[in-house]
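So you can see what is in the structure, the chains are spelled out below.
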Amino acid sequence: MLRTRPVGKYNLQVCTNVSCLLRGADDIFEHCKTKLGIGNKESTPDGLFHLEEVECIGACSWAPALMMNYEFHENLTPAKIDELIDGLKKKEEQ
Ligand code: FES
């Protein structure tokens, strides 16, 4: 949990623990990596997004889930990831 480098403004923490894993978390994490063009524990060059794979975030009943800056996003699908990331990009452009 100690950071030695700055992270992106929006920190996407994708749970890949057992409940989420059984409901497709690996695909969700891969989709995030492809969509953002970064890997685990990396930030986008514009400093907007940081991505990391994490252990259980306590949202198992709504798996697969991620936490972004302490905000939960649940029952994730690739379409929901696109909506989240694209929405944040649009928000930043305004
Ligand atoms: S296993 Fe993902 S929130 Fe618990």
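How each quantity is defined
- In every chain, residue numbers begin from 1 and rise along the written sequence.
- The predicted origin of the model limits local features to residues at a pLDDT of at least 70 and limits the giving and counting of side-chain atom pairs to 80 or more, whereas totals for whole chains, interfaces and linings rest on all residues.
- Side-chain calculation: all heavy atoms of the structure are included, whereas hydrogens and water are not.
- What we call a nonpolar core is a set of buried Ala, Val, Leu, Ile, Met, Phe, Trp, Tyr and Cys residues that are connected through their side-chain atoms within 4.5 Å.
- Exposure categories follow from relative accessible area, calculated using a 1.4 Å probe and restricted to protein chains: below 20% of the type maximum is buried, above 50% is exposed, and the middle band is partly exposed.
- To qualify as a helix, a DSSP run of H or I must reach at least 4 residues; to qualify as a strand, a run of E must reach at least 2; elements of each kind are numbered from the N terminus.
- The contact criterion used is simple: two residues touch if any of their non-hydrogen atoms lie within 4.5 Å.
- In this analysis, axes come from line fits to C-alpha atoms, helices being fitted only over the stretch in contact, and the angle between any two N-to-C directions falls in the range 0 to 180 degrees.
- For any helix crossing, the convention is left-handed if the near helix is rotated counterclockwise from the far helix by under a right angle, and right-handed if that rotation is clockwise.
- The classification used treats Ala, Val, Leu, Ile, Met, Phe, Trp, Tyr, Cys and Pro as nonpolar, Asp, Glu, Lys and Arg as charged, and all other residues, Gly among them, as polar.
- Within this document, salt bridges are pairs made up of a side-chain nitrogen of Lys or Arg and a carboxyl oxygen of Asp or Glu, the two lying within 4 Å of each other.

Novice: In this structure, what is going on with the nonpolar core? I would like to understand it.
Specialist: In a soluble, globular protein the nonpolar side chains are often hidden away together inside. Counting 18 residues, the largest nonpolar core has Leu12, Phe49, Leu51 and Leu66 as the members making the most contacts within it. Elements with a minimum of two residues in this core: strand S1 (10–15), helix H2 (25–36), strand S3 (49–54), strand S4 (66–68) and helix H3 (78–93). Ignoring anything within four residues of it in the chain, the contact list for Phe49 reads Gly8, Lys9, Tyr10, Leu12, Leu36, Ile38, Glu42, Ser43, Thr44, Ile85, Leu88 and Lys89. Residues Ala25, Val54, Ile57 and Ala65 belong to the second largest nonpolar core, which totals nine residues.

Novice: Quick question: what am I supposed to make of the packing of H2 against H3 here?
Specialist: To describe two helices that pack against each other, one gives the angle between their axes and the distance between the axes. Where H2 contacts H3, the two axes come as close as 10 Å, and the packing angle between them is 35°. For the crossing formed where H2 meets H3, the hand is right-handed. Between H2 and H3, the contacting residues are Ile28, His31, Cys32, Lys35 and Leu36 on the first element and Pro78, Ile81, Asp82, Ile85 and Asp86 on the second. Residue composition of the contact of H2 with H3, by class: six nonpolar, one polar and three charged.

Novice: Help me understand the pattern of salt bridges in this model?
Specialist: Working definition: two side chains of opposite charge can pair if their charged atoms are close together. Counting across every chain of the model gives five salt bridges. Of the charged contacts, one joins Lys33 and Glu30 as a salt bridge, the two residues approaching to 3.0 Å between their closest N and O atoms. Of this pair, Lys33 and Glu30 both sit in helix H2, three residues apart, roughly one helical turn. For Glu30, a relative accessible area of 41% translates into the label partly exposed. Salt bridges sharing common partners tie together Lys35, Asp82 and Asp86.

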